[in-house]
Amino acid sequence: MEQKQLPNATLILVFGILSIVTCCCYGIVGLILGSVTLILAKKATLIYHENPDVFTGFQNVKTGKVLAIVGIVLSIAYLVLSLWMIATFGWDNLQDQELMQEKIRELLGQ
């Protein structure tokens, strides 16, 4: 019997990689891509477990799922850091480099 590629296996792997790469976009893009990847991976896993002999590419799904989890964790950390910086320094200070350096010096006590 000829084996078929698991649907969306390559897409899951690519989205998992992109969730890590885009986690620095204030955490939003990485969080969205990671969530979509987990949903697609769950569907692909269910399809694979119904007929494991028919499909190939399950390793891509597993790898993409792990990468998506890492991407989600990094995105959440970056989002929390961004929100903390906005709350601590203010949006206007973040936009002006000189004001930001002054606030950091104040925070460090120099």
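As a reminder, the structure under discussion sits directly above these lines.
Residues numbered from 1 in each chain as written. Predicted model: local features only at pLDDT ≥ 70, side-chain atom pairs only at ≥ 80, totals over all residues. Heavy atoms only, no water.

Participant: An account of the nonpolar core is needed here, citing residue identities and associated values.
Facilitator: By size, the foremost hydrophobic cluster in this structure holds 11 residues: L6, A9, I12, L40, A41, A44, Y48, V54, F55, F58 and V61. Elements represented by at least two residues in this core include exactly helix 1 (9–21), helix 2 (28–50) and helix 3 (58–89). Sort the elements by how many residues they give to this core and helix 2 lands first, with 4 residues. With residues up to four places along the chain from it excluded, the contact list for A9 reads G57, N60 and V61. (Core = buried A, V, L, I, M, F, W, Y, C linked by side-chain atoms within 4.5 Å. Buried < 20%, exposed > 50% of the residue type's maximum accessible area, 1.4 Å probe, protein only. Helix = DSSP H or I, 4+ residues; strand = E, 2+ residues; numbered from the N terminus. Contact = heavy atoms within 4.5 Å.)

Participant: Before we move on, can you summarise a nonpolar patch on the surface with the specific residues and values?
Facilitator: Taken together, the side chains of Y26, I28, V29, I32, V36, L83, I86 and W91 present a nonpolar region at the surface, about 730 Å² in accessible area. Secondary-structure elements contributing two or more residues to the nonpolar patch are helix 2 and helix 3. Element by element, the count of residues in the nonpolar patch is highest for helix 2, at 4 residues. Relative to the helices and strands, L83 resides in helix 3. Residue classification places L83 among the exposed residues on the basis of a relative accessible area of 52%. (Patch = residues over 30% accessible without salt bridge, like charges linked within 9 Å, V, L, I, M, F, W, Y side chains within 5 Å. Areas by Shrake-Rupley, 256 points an atom, 1.4 Å probe, with all protein chains shown as cover. Salt bridge = Lys/Arg side-chain N within 4 Å of Asp/Glu carboxyl O.)

Participant: Hey, could you go over the packing of aromatic side chains for me, with residue numbers and the actual values?
Facilitator: Overall, the coordinates contain 2 aromatic pairs when judged by the stated rule. Ring geometry for Y48 versus F58: centroids 4.2 Å apart, planes at 5 degrees, classification stacked. On the criterion of sequence distance, the pair formed by Y48 in helix 2 and F58 in helix 3 is long-range, its members being 10 residues apart. This pair shows no difference in class: Y48 is buried, exactly as F58 is. (Phe/Tyr/Trp six-rings, centres within 6.5 Å; stacked < 30°, edge-to-face > 60°.)

Participant: Any details on helix 2? Residues and values, ideally.
Facilitator: Taking 1.5 Å per residue, 23 residues should reach 33 Å; helix 2 reaches 34 Å between its end C-alpha atoms and fits that length. Listing the buried residues of helix 2 in full gives G30, L33, G34, T37, L40, A41, A44, T45 and Y48. In this structure, the buried side of helix 2 is in contact with helix 1, strand 2 (55–56) and helix 3. (Expected span 1.5 Å × (residues − 1).)

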